[in-house]
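Working through the structure, step by step
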Amino acid sequence: MHILVTGGAGYIGSHTLIELYHAGHTAEVADNLANSSVEAVRRVEKMLDVSIPFHQLDVCNAQALDQLFSHQPFDAIIHFAGLKSVGESVQNPLRYYSTNITSSLNLLSVIKKYHIPHLIFSSSATVYGTPESLPLTENSRTGIGITNPYGHTKYMIEQIMRDFAQSNPTVAITLLRYFNPIGAHESGAIGEDPHDVPNNLLPYIAQVAVGKRPEVQVFGDDYPTPDGTGVRDYIHVVDLARGHVAALAPAQPGVHTYNLGTGKGTSVLELISAFSAACKKELPYRIVARRPGDIAECYADSQKAAQELNWHPTKSIADACRDSWRWQSQNPNGYR
Ligand code: NAD
Ligand code: UD1
């Protein structure tokens, strides 16, 4: 299949490009580089020895998007493009609503106009808000207890896509709810390259390991979890990328929703300890107050993806820490 990957220069998008080509697909990237570097795509091209057309465009620009589709037929779209910083979304909610929702609406318009059969959307476990019970299945309650505009955009876009699918019965839409992506490609050539202070735990730990930051701040040790720190379902980004390839298999029209997680919870202290082992250094950390809006525990039931997509994550937390350390130590300033 020939696939348009929006946000393909970003963290998950660049890893997905590799897995798409390994599976025999080809791709083009549309990205405005708001949070990424074209160097990520160049490195993927080098690794695969292919040329990947790169369109520097804002998916919110309906005209530019229309022009792209009028010149090139695509068999499917994988829509990664969007803004993802939870803290920034609280500071600047309009930017988040505008970017994440407008880009998705524009894509749905071209899907309708150019009869694109399949859209895969990057959703998030954040749509589950405060879990009623664990593990989270695709039928778990959504929408209650989402604490930030970023999370609300994911919840709203899922709803918009369901409404669209109702009125366009030939289209397949796959909503992939990611748990916590971590790690990097095992080559060390591509990885996560946060432009500002990392919000997420693993890139923060990696920057402490490389000496860019003095210590990890552990947000609370009084949660009702085995060691008192927050528990999450960390999934290796290469396993996650393979989930997109699995989801491309000819999908029936309608909406399909899948959790992409490992089903296993890991605490903040366990992740720090795993990264310490990978980089062979003691990593300084300090317990501080809870981060507002955080939940104690979150992990997936991903049996639906296993059964229907034949998707099985194969990589461990140790693999993710090793790969992330390789990327961080070989590229201490990311792609710059
Ligand atoms: P990322 O920021 O690395 O990648 C997003 C890409 O989209 C970037 O390359 C950015 O430049 C591009 N982009 C942003 N706005 C754009 C626009 N208007 N037009 C064109 N390109 C635009 O983030 P990521 O971690 O790779 O996440 C990819 C997707 O997965 C996002 O939608 C994110 O919300 C979602 N997601 C990520 C996580 C995570 O922890 N990384 C978890 C759940 C869901
Ligand atoms: C956060 C977002 C969520 C988003 C997800 C993936 C919030 C409230 N939620 O989730 O919407 O989908 O990232 O991008 O921000 N932690 C520390 N110290 C740190 C950073 C994190 O102790 O410096 C802890 C957190 O309290 C949490 C765990 O580490 O227990 C993981 O945090 P993080 O990586 O930010 O992911 P989520 O909280 O799951």
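Parameters at a glance
- Residues numbered from 1 in each chain as written.
- Chains lettered and ligands numbered in written order.
- Predicted model: local features only at pLDDT ≥ 70, side-chain atom pairs only at ≥ 80, totals over all residues.
- Heavy atoms only, no water.
- Near = heavy atom within 4 Å.
- Polar contact = N/O pair within 3.5 Å; in protein donor to acceptor, adjacent residues only side chain to side chain.
- Helix = DSSP H or I, 4+ residues; strand = E, 2+ residues; numbered from the N terminus.
- Buried < 20%, exposed > 50% of the residue type's maximum accessible area, 1.4 Å probe, protein only.
- Contact = heavy atoms within 4.5 Å.
- Disulfide = S-S within 2.5 Å.

**Some points on the site of ligand 1**
- Within the structure, ligand 1 sits among 27 residues, and Asp31, Asn35, Ser36, Asp58 and Lys84 are positioned closest to it.
- In this structure, an oxygen atom belonging to ligand 1 sits 2.7 Å away from a side-chain N or O atom of Asn35.
- A distance of 2.8 Å separates an oxygen atom of ligand 1 from a polar atom in the side chain of Lys84.
- Those elements giving two or more residues to the shell around ligand 1 turn out to be α1 (11–22), β5 (118–124) and α6 (149–167).

**Observations concerning the site of ligand 2**
- Around ligand 2 lies a shell of 17 residues, among which Gln217, Phe219, Arg232, Arg291 and Asp294 are the nearest.
- Separating an oxygen atom of ligand 2 from a side-chain N or O atom of Ser124 is a distance of 3.1 Å.
- Between Asn180 and ligand 2, the recorded distance is 2.9 Å, taken from a side-chain N or O atom to an oxygen atom.
- Counting residues per element, the shell around ligand 2 draws most heavily on strand β8 (residues 216–219), at 3 residues.

**Describing helix α7 (residues 201–209)**
- With 9 of its 9 residues buried, α7 lies for the most part within the structure.
- Of all the residues in α7, the buried ones are Leu201, Leu202, Pro203, Tyr204, Ile205, Ala206, Gln207, Val208 and Ala209.
- Looking at the packing, one finds that the buried side of α7 touches β7 (180–182), β8, β10 (234–236), α9 (268–279) and α11 (317–330).
- Count one or two residues on from α7 and you reach Gly211, which has phi positive near 90°.

**Let's talk about the environment of Glu88**
- Note on placement: Glu88 falls in helix α4 (residues 86–91).
- For the pair Glu88 and Tyr150, spaced 62 residues apart in sequence, the C-alpha to C-alpha distance is 8.6 Å.
- Glu88 has contacts with Arg95 and Tyr96, leaving out every residue within four places of it along the chain.

**Side note on the state of the cysteines**
- Enumeration according to the criterion identifies 0 disulfides in this entry.
- The closest cysteine sulfur to the non-disulfide-bonded Cys298 is located on Cys321, 18 Å from its own sulfur.
- Under the relative-accessibility criterion, Cys298 is labelled buried at 7%.
- Cys321 forms no disulfide, and the closest cysteine sulfur to it belongs to Cys279, at a distance of 8.8 Å.
- Under the relative-accessibility criterion, Cys321 is labelled buried at 0%.

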